[in-house]
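# Working through the structure, step by step
Here's the letter readout for the chains.
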Amino acid sequence: MLYTALLPKWWFKVQLTHAPPEKQPRRSGRTLGEQLKTMCPTLADPAKAHYIPSWVMPGGDMQTIYLYTQHFKPAGCPVSYERDIFEFSDGGKAAIDWAQPRRDAVPGSPLIILVPGIAGGSHDYYARSFIHRVSQQPYGYQVVVLHSRGCNGVDLHTPKAFHAGMTEDLREFVKHLAESLPKSPLIGIGFSLGANILTKYVGEEGASCRLVAAASVCNPFDIDTTVRAMCLPTIKNRFLYAAALTRSLISVFTSNQKVILAGEVALDAKRIVSARNINEFNEEYTIKVFGYQSAKELNVGGSCIHYLKDIQVPMLFINALDDPMCYRRTIPFDDIAKNPNLVLACTRYGGHLAYFEGTSVTPWLPGQLASFVQAMLKWR
């Protein structure tokens, strides 16, 4: 499609939402908005901030599907990891992947914590492309990826896996890092479901948050509205996005079925593996294991939208209006504008976590996140 070449450049402008300058926090003579405009011009300078999708795949569906195919091509963006196993206070365990080379041994070196999407991990292209960018000069930052329980090669050790609002594991891991690396500034970046978890965590922590800044990419914000939309009997839901997410959840269950069924809560394995959508899976497994009364209670309580007002560290949100999995109607423009610590960058295109541009189909997102991290480290 040639419309990317025919439409005026302003059509592809990044739309920023934030509090008025006089209400924004100010450090070293600059407001949050001024710092972003200066150090992240392709994201926050109105004259330079544009995202023009690749003409090869301009639509959100095409971008999202192409991103999925890149998860299985590590040679295209090579990143090597050193794996640790983190044990939580309740006996559960999760995989922790440290991007190589390790830099955390240097006192005071920054550390970026990545929180992937649902059942995602360090192998995902959006994670690898960012790490590949931010580990090089002029950045050179250390990155660690926190996986969900029961994912990426580490079996469950308790019946509890994860859910959209589960912030306990992230809280415990961040606390561990802050105590073991007391001089290192910590920055969190969450993607998709991980963005919801990270945002909810930062809001819950308020002024006690151990992160100096955070970024959220393709955040669903309102889990209840998002999941209900994904449960509608549409062709996309049946054969693409919702179906893929449901299969991922079922896969975590089947891979850890013995441990899960050995727990104290009575579960019906046949009904769990037969779940047709996310809500059915949550009704049969998640709410029972985590003690909720219904999937709606789980989804409403787990939505980060209720915690935006409590965030007290600088936080960037990046969302695409053509995202086929996180919908435009769930983006809380007004809530973000009311909190002076928050900035929302909306693009007209980009799909879900994709943001490919140019004839070479390269990702636009890693550069924006890397410049944001650098800007916050210099502004703190």
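Quick summary incoming for the structure in this document.

Applying the stated criterion to the full structure yields 14 aromatic pairs. Centre to centre, the rings of Phe 86 and Phe 173 are 5.3 Å apart; their planes meet at 80°, and the pair counts as edge-to-face. Pair noted here: Phe 86 is in strand S4 (residues 81-87) and Phe 173 is in helix H6 (residues 168-180), with a separation of 87 residues, a long-range link. For the residue pair Phe 86 and Phe 173, the accessibility class agrees, reading buried in each case. With a centroid separation of 6.1 Å and 50° between ring planes, the pair formed by Tyr 139 and Tyr 141 is classed as tilted. By the burial criterion, Tyr 139 is buried, and Tyr 141 matches it. An aromatic cluster of three or more residues is present, and its members are Tyr 51, Tyr 355 and Trp 364. When the ring centre of Tyr 327 is taken as origin, the NZ or CZ atom of Arg 329, which lies over that ring, is 4.9 Å away. Its guanidinium or amino end placed over the ring of Trp 11, Arg 348 lies 3.6 Å from that ring's centre, counting from NZ or CZ.

On to helix H7 (residues 193-205), then. Along an α-helix, residues three or four positions apart point the same way, because every turn accommodates 3.6 residues. Its 13 residues place the ends of H7 19 Å apart at the C-alpha level, agreeing with the 18 Å of an ideal helix rising 1.5 Å per residue. The element H7 is extensively covered by neighbouring structure, given that twelve of its 13 residues are classed as buried. Every buried residue of H7 is accounted for by Leu 193, Gly 194, Ala 195, Asn 196, Ile 197, Leu 198, Thr 199, Lys 200, Tyr 201, Val 202, Gly 203 and Glu 205. Looking at the residues trailing H7, positive phi occurs at Gly 206, about 55°.

In this structure the tally under the stated criterion is 16 salt bridges. For Arg 102, the salt bridge goes to Glu 82, with nearest N and O atoms at 3.1 Å. Here Arg 102, found in the loop between strand S5 (93-99) and strand S6 (111-115), pairs with Glu 82, found in strand S4; they are 20 residues apart in sequence, far enough to count as distant. Given the relative accessible area of 30%, Arg 102 is considered partly exposed. Judged by relative accessible area, which is 34%, Glu 82 ranks as partly exposed. Across the salt bridge formed by Asp 224 and Lys 296, the nearest N and O atoms sit 2.8 Å from each other.

Here we take up a nonpolar patch on the surface. A cluster of nonpolar residues, Ile 65, Ile 235, Phe 239 and Leu 240, forms a patch on the protein surface that exposes about 430 Å² of accessible area. With respect to the helices, strands and loops of the structure, Leu 240 is situated in the loop between helix H9 (235-239) and helix H10 (241-255). Residue Leu 240 is classed as partly exposed on the basis of its relative accessible area, which comes to 36%.

So, on to the nonpolar core. One finds Val 202, Leu 211 and Phe 317 to be the most contacted residues of the largest nonpolar core, which totals 66 residues. Considering each element in turn, this core owes the most residues, seven residues, to H10. The next biggest cluster of nonpolar side chains, apart from the first, holds 55 residues, and it includes Phe 12, Ile 112, Ala 127 and Val 217.

Relative to the 18 Å expected for 13 residues at 1.5 Å per residue, helix H13 (residues 278-290) spans just 16 Å between its end C-alpha atoms, considerably shorter than the ideal helical length. The largest bend along H13 measures about 35° and falls at Glu 284. Counting buried positions over the 13 residues of H13 gives ten, a clear majority of the element. Taken as a whole, H13 has its buried residues at Ile 278, Asn 279, Phe 281, Asn 282, Glu 284, Tyr 285, Thr 286, Ile 287, Val 289 and Phe 290. Contact partners of the buried residues in H13: helix H8 (223-230), H10, helix H11 (257-261), helix H12 (269-273) and helix H14 (295-301). Residue Asn 277 occupies the N-cap position of H13, its side-chain oxygen lying 3.2 Å from the main-chain nitrogen of Asn 279.

What counts as what
Residues numbered from 1 in each chain as written. Predicted model: local features only at pLDDT ≥ 70, side-chain atom pairs only at ≥ 80, totals over all residues. Heavy atoms only, no water. Phe/Tyr/Trp six-rings, centres within 6.5 Å; stacked < 30°, edge-to-face > 60°. Helix = DSSP H or I, 4+ residues; strand = E, 2+ residues; numbered from the N terminus. Buried < 20%, exposed > 50% of the residue type's maximum accessible area, 1.4 Å probe, protein only. Lys NZ or Arg CZ within 6 Å of the ring centre and 35° of its normal. Expected span 1.5 Å × (residues − 1). Salt bridge = Lys/Arg side-chain N within 4 Å of Asp/Glu carboxyl O. Patch = residues over 30% accessible without salt bridge, like charges linked within 9 Å, V, L, I, M, F, W, Y side chains within 5 Å. Areas by Shrake-Rupley, 256 points an atom, 1.4 Å probe, with all protein chains shown as cover. Core = buried A, V, L, I, M, F, W, Y, C linked by side-chain atoms within 4.5 Å. Bend = angle between axes of the 7 residues up to and from the residue. Contact = heavy atoms within 4.5 Å. Polar contact = N/O pair within 3.5 Å; in protein donor to acceptor, adjacent residues only side chain to side chain.

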